[in-house]
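Chain residues, written in single-letter form:
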Amino acid sequence: MVSKFAALAVAMLIASPALAQAGDAAKGKAVFARCMACHSVDPGANRLGPSLAGVMGRTSGTMAGFAYSPAMKNAKIRWDAKTLDAFLAKPTAKVPGSKMIFAGLPNPADRANLIAYLASATKK
Ligand code: HEC
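What you see is a predicted model, and the numbers here were worked out from it, not measured in a lab.

### Some points on the packing of aromatic side chains
Step number 1: Under the criterion given, the structure shown has three aromatic pairs.
Step number 2: With 5.4 Å between their ring centres and 45° between their planes, Phe32 and Tyr117 make a pair best called tilted. On the criterion of sequence distance, the pair formed by Phe32 in the loop between helix 2 (25-31) and helix 3 (70-75) and Tyr117 in helix 6 (residues 108-121) is long-range, its members being 85 residues apart. Accessibility classification places Phe32 together with Tyr117 in one group, the buried group.
Step number 3: Between Trp79 and Phe87, the ring centres sit 5.0 Å apart and the planes meet at 50°, which makes this aromatic pair tilted.

The structure is reproduced here in structure tokens:
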């Protein structure tokens, strides 16, 4: 138990500068369970939705090999913490006509944690 806490404390010390504003990646992984029916973070692993590997910095609708809606292609959003936050709050408001059928994450903390998880898990 003690060593588990020590390891956690070390992990938090290492992670905290990068995650200070971005949320808690470990909690975000649990939030990502809501996306996993349609998304993977493994490169090339498209499901109903595109793989989110490398999504940070990618322009919306541009990953080769996935049939995006015209709405997502035309949106030309550069995905970063800010644009993902807006999109995930209410996908149909940010990208009207998108074929991502997901109501959104109304809780800002859920979004911040999820984005921290995506930033760490999708660097591929
Ligand atoms: C019911 C299936 C489904 C769920 C659940 C879902 N998505 Fe999606 N997602 C899609 C589809 C389909 C697209 C492609 C949309 C389009 O082309 O209009 C997409 C697109 C995206 C994109 C744009 C990717 C790109 O390459 O431009 C992001 C980012 C994204 N989803 C994140 C998420 C996150 C994070 C969650 C969980 C909170 C989530 N999605 C939940 C189906 C889903």
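Moving on from the model shown.
### Quick notes on the site of the ligand
Step number 1: Around the ligand sit 26 residues in total, of which Cys35, Cys38, His39, Ser69 and Met100 are the nearest.
Step number 2: A distance of 2.5 Å separates an oxygen atom of the ligand from a polar side-chain atom of Tyr68.
Step number 3: Separating an oxygen atom of the ligand from a side-chain N or O atom of Trp79 is a distance of 2.9 Å.
Step number 4: Taken atom by atom, the bulk of the ligand overlaps the largest pocket.
Step number 5: Broken down by element, the shell around the ligand gets its largest block of residues, three residues, from helix 4 (residues 81-89).
Step number 6: Across the shell around the ligand, the residue classes tally to 17 nonpolar, six polar and three charged.

Thresholds applied
- Residues numbered from 1 in each chain as written.
- Predicted model: local features only at pLDDT ≥ 70, side-chain atom pairs only at ≥ 80, totals over all residues.
- Heavy atoms only, no water.
- Phe/Tyr/Trp six-rings, centres within 6.5 Å; stacked < 30°, edge-to-face > 60°.
- Helix = DSSP H or I, 4+ residues; strand = E, 2+ residues; numbered from the N terminus.
- Buried < 20%, exposed > 50% of the residue type's maximum accessible area, 1.4 Å probe, protein only.
- Near = heavy atom within 4 Å.
- Polar contact = N/O pair within 3.5 Å; in protein donor to acceptor, adjacent residues only side chain to side chain.
- 1 Å grid on protein atoms, 1.4 Å probe; cavity = no way out; pocket = protein on both sides within 12 Å on 5 of 7 lines; lining within 4 Å.
- Sits in = over half its atoms within 2 Å of the grid points.
- Nonpolar A, V, L, I, M, F, W, Y, C, P; charged D, E, K, R; others polar.

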